[in-house]
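What follows is each chain in one-letter form.
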Amino acid sequence: MGIKAGLVGLPNVGKSTLFNALTKAGVPAENYPFCTIDPHVAITEVPDKRIDRLLEIYKSQKTIPSTVSFVDIAGLVKGAASGEGLGNQFLSHIREVDLILHVLRCFENPNILHSSEAIDPIADFEIIVSELMLKDLESIQKRIEKIQKLEKAAQSKPAELKELKAEHTLLITVQKALDTGDAALVRKLINESSQKTIPLLSTKDFLIIANIDENELDGSYQQNPHYLSLVKHFGQERVIPLCAKVENELTQMSEDEAKEFMEMLGLKEKSIDIVINKSYENLGLITFFTCGPKEIHAWPIKKGTTIRNAAGEIHSDLEKGFICSEIFNCDDLFAIGSEVKLKEQGKIRTEGQDYIVQDGDIVLIKFNV
């Protein structure tokens, strides 16, 4: 699936360091702006404890977990919308991602340069969103000019003209919200409207990564004023506290070393696992499984996908020649213990092509090409 989450932030906020931790990739993370000039893309495994339980039951030779793509995008500066710094590349790369991960600096360190005099994650966020809105204003203006020409040409086509006028009205309303700098209203107007229009940068879903100091991993980050300001502004569910430096160090250790280091720091789980799983969830993805003696394969699909379309993720022939599917959920399997017992209790169903796949479904596709 071509679904991506993009890491975005001002220079020197820990973005590339976090990307290294997320992907175990060797992206440079030097102490100067624009180290990451081109977007780096990597595919990361999605942690899923269900796979280990399925492996115990099926005794499979290998496992293939779900994955999600992360993009490390060049650091942005004020004026990006007008081409400052690497603005044009930054904005074009943001257009290609489905979820934005705003990496915001919440730690004080005089040895690491910052783009402004004081650490202020809310102000940093607003700089980025302002640049996105400025670019959206430019895009909307171009679209309105095109619609006006199309409206003149569609005077004898009532249905087409009605559609164009509806889009025109929506864009004028969104334009006014952008002029006032109200990003929340822009998102609301677009998300609640059934009218199709051009994609906008400022309406993309997002999460907040609060990059804290390693000395605060004992829980004292909950008194960090920068972190608290983010929680107050965006809500607890949208803010993920972590120390990018520590997360990157953990990926370079053996499993035993990492476990010992985490115990010393008071970490119960890696924060990057939370980032990956929350990104997966916010991208609207769920997982279904195919299981057998050769492999357990976790497949990521968009929530609301039919079984026929899901079969196409496995192989196009399965979608083309789809007949039906035998389906049960891994929760039932874990509760009962085996496929044999599931069959005995009537827990394995036969579903047609319109069945909506649920998270955790285990499927066997029957097809004929």
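Here, every reference points to the structure presented above.
This write-up is about the structure you can find in this document. All figures in this text were calculated on a predicted structure; none of them were measured in a lab. (Residues numbered from 1 in each chain as written. Predicted model: local features only at pLDDT ≥ 70, side-chain atom pairs only at ≥ 80, totals over all residues. Heavy atoms only, no water.)

### Side note on the overall build of the chain
To be explicit about the condition: The way it works is that DSSP assigns letters per residue, a run of H or I at least four long becomes a helix, a run of E at least two long becomes a strand, and they are numbered from the N terminus. Under the scheme applied here, a residue whose accessible area is under 20% of the maximum for its type counts as buried, over 50% as exposed, and between as partly exposed, the area being computed with a 1.4 Å probe on protein chains only. Contact definition: two residues touch when any of their heavy atoms are within 4.5 Å. In this description, accessible areas are obtained by the Shrake-Rupley approach with a 1.4 Å probe, and a residue is regarded as covered only by the protein chains that are shown.
Counting its secondary structure elements, the chain contains 14 helices and twelve strands. By residue count, 49% of the 369 residues in the chain fall in the buried class. Within the chain, contacts between residues separated by at least 24 positions form 69% of all contacts whose residues are at least 6 apart in sequence. Carbon together with sulfur atoms contributes 49% to the accessible area of the chain, which is approximately 18,900 Å² in total.

### Let's talk about the pattern of salt bridges
Note the following rule: Whenever a carboxyl oxygen of Asp or Glu lies within 4 Å of a side-chain nitrogen of Lys or Arg, that contact is scored as a salt bridge.
Scanning the model with the defined rule gives 13 salt bridges in all. Among the salt bridges present, the one from Glu237 reaches Lys278, with a minimum N-O distance of 3.7 Å. One end of the pair, Glu237, is in the loop between α7 (225-234) and β7 (239-242); the other, Lys278, is in helix α10 (residues 271-282), and 41 residues separate them in sequence. On the accessibility criterion, Glu237 (62% relative accessible area) is exposed.

### Some remarks on the sheet that holds strand β5 (residues 99-105)
Cut-off, in case you're wondering: Here the rule is simple: two strands pair whenever DSSP picks up at least two bridges between them. Angles here are taken between N-to-C directions and fall from 0 to 180 degrees, while the axes themselves are lines fitted to C-alpha atoms, restricted in helices to the stretch in contact.
Strand order in the open sheet made by the six strands is β2-β4-β1-β5-β6-β7, with mixed pairing throughout. Here the strands that pair on one side only, and so sit at the sheet edges, are β2 (40-45) and β7. Adjacent strand axes in the sheet meet at a mean angle of 25° when their direction is disregarded. In this sheet, strand β4 (residues 67-72) lies alongside strand β1 (residues 4-8) in parallel orientation, the contact comprising four bridges. Looking across to β4, one finds that Gly6 is bridged to Val71.

### Describing the pairing of β1
In terms of residue burial, β1 counts as a mostly covered element, since four of its five residues are buried. As judged from the four bridges shared by β1 and β5, these two strands associate in the parallel manner. Its bridge partner being in β5, Gly6 is matched across the sheet by Ile100.

### Quick notes on unusual backbone geometry
Of note, Asn12 is a non-glycine position whose phi angle comes to about 65°, a positive value. You can see Asn12 is positioned in the loop between β1 and α1 (15-23). The exposure class of Asn12 is buried, given its relative accessible area of 16%. The phi dihedral of Lys59 is positive, around 55°, even though this residue is not glycine. The residue Lys59 is located in the loop between α2 (49-58) and β3 (62-64) in this model.

### Topic: the packing of helix α8 (residues 244-251) against helix α9 (residues 255-265)
Packed helices, taken two at a time, are described by the angle between their axes plus the distance between the axes. Threshold: Orientation categories follow fixed angle ranges, with anything under 35 degrees roughly parallel, anything over 145 roughly antiparallel, 65 to 115 roughly perpendicular, and all other angles oblique. Crossings are sorted by hand: turned counterclockwise from the far helix by less than a right angle, the near helix makes the crossing left-handed, and turned clockwise it makes it right-handed. In this classification, the charged set is Asp, Glu, Lys and Arg, the nonpolar set is Ala, Val, Leu, Ile, Met, Phe, Trp, Tyr, Cys and Pro, and all remaining amino acids, among them Gly, are polar.
Remark: α8 packs on α9, axes separated minimally by 9 Å, with the N-to-C direction vectors making an angle of 155°. Looking at the two axes, α8 sits roughly antiparallel to α9. The two elements α8 and α9 meet at a crossing, and its hand is right-handed. Listed contacts from α9 to Val246, Glu249 and Leu250 of α8 are Ala258, Phe261, Met262 and Leu265. Partitioning the contact of α8 with α9 into residue classes produces six nonpolar, no polar and one charged.

### Regarding helix α11 (residues 307-314)
Note the following rule: As used here, the arc is the angular range of directions from the helix axis to the C-beta atoms.
By the burial criterion, the buried members of α11 are Ile307, Ala310 and Ala311. Projected onto a plane normal to the axis of α11, the buried residues spread over an arc of 105° and lie on a single side. The elements touched by buried residues of α11 are β8 (285-291), β9 (295-302), α12 (316-320), β10 (322-329) and β12 (361-367).

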